Amino acid sequence: MDDAAVRRRLLAERDELDAADGETAGMRAPVELDQQSVGRLSRMDAMQQKAMADAQARRRQMARTRIEAALRRLDDGSYGDCVMCGEEIAPKRLELDPAIPTCVACSR
């Protein structure tokens with residue numbers, strides 16, 4: 001496992017998350033309550049879109065937290081070891097998700 005390649009992949013994924021946050025920032029803005037400027041159904045649609053954008057932002061933040069933790073494990077030399085049992089995480093599992101913190105047995 002090449003630590004430099006893993007680091008580049010994790011940093012690229014984090015950059016993608018940051019870019020997606022920037023693109024959806026306007027969708028997470030508060031919905032205007034003035035029914036004179038926006039009809040009731042349009043406002044409901046806007047509120048639903050905001051709720052979905054907020055949920056996506058929360059998922060991106062959770063992914064960002066996992067990536068940051070994986071980068072710290074790379075720095076301290078424990079990357080590739082399960083954070084629960086200490087056993088080695090299967091390389092194929094890390095290949096699929098380089099930020100995964102646990103082995104298959106502990107993830108159950």
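Residues numbered from 1 in each chain as written. Predicted model: local features only at pLDDT ≥ 70, side-chain atom pairs only at ≥ 80, totals over all residues. Heavy atoms only, no water.

## Concerning the overall build of the chain
From N to C terminus, the chain includes 4 helices and 0 strands. Expressed as a percentage of its 108 residues, the buried residues of the chain come to 25%. In the chain, once contacts between residues fewer than 6 apart in sequence are set aside, the share between residues at least 24 apart is 52%. Carbon and sulfur atoms provide 53% of the accessible area of the chain, an area that totals close to 7,300 Å². (Helix = DSSP H or I, 4+ residues; strand = E, 2+ residues; numbered from the N terminus. Buried < 20%, exposed > 50% of the residue type's maximum accessible area, 1.4 Å probe, protein only. Contact = heavy atoms within 4.5 Å. Areas by Shrake-Rupley, 256 points an atom, 1.4 Å probe, with all protein chains shown as cover.)

## Some points on helix 1 (residues 3–23)
Taking 1.5 Å per residue, 21 residues should reach 30 Å; helix 1 reaches 30 Å between its end C-alpha atoms and fits that length. Inspection of helix 1 places V6, L10, L17 and D21 among the buried residues, and these make up the whole buried set. Looking straight down helix 1, one finds that the buried residues subtend no more than 55° of arc, so they occupy a single side. Turned more than 90 degrees from where helix 1 packs its buried face, R8, E16, G22 and E23 sit exposed. (Expected span 1.5 Å × (residues − 1). Arc of directions from axis to C-beta.)

## Quick word on the environment of G80
Mapped onto the elements, G80 comes out in the loop between helix 2 (40–76) and helix 3 (91–96). You can call G80 buried: its relative accessible area is 4%. Counting along the chain gives 10 residues from G80 to A70, while the straight-line C-alpha distance between them is 8.9 Å. Residues within four places of G80 in sequence aside, it is in contact with E87, E88, I89 and L94.

## Overview of the confidence of the model for the chain
One rule of thumb: low pLDDT means the predicted coordinates there are not for detailed reading. Looking at the chain, the pLDDT average stands at 88 and 84% of residues meet or exceed 70. By mean pLDDT, helix 2 is the weakest element of the chain at 90, and helix 3 is the strongest at 96. (pLDDT = per-residue confidence, 0-100.)

## Here's the deal with the nonpolar core
Ranked by internal contacts, the top residues of the largest apolar core, which has 14 residues, are L10, I67, L74, Y79 and I89. Elements with a contribution of two residues or more to this core: helix 1 and helix 2. In terms of residues, this core owes the most to one element, helix 2, which gives 4 residues. (Core = buried A, V, L, I, M, F, W, Y, C linked by side-chain atoms within 4.5 Å.)

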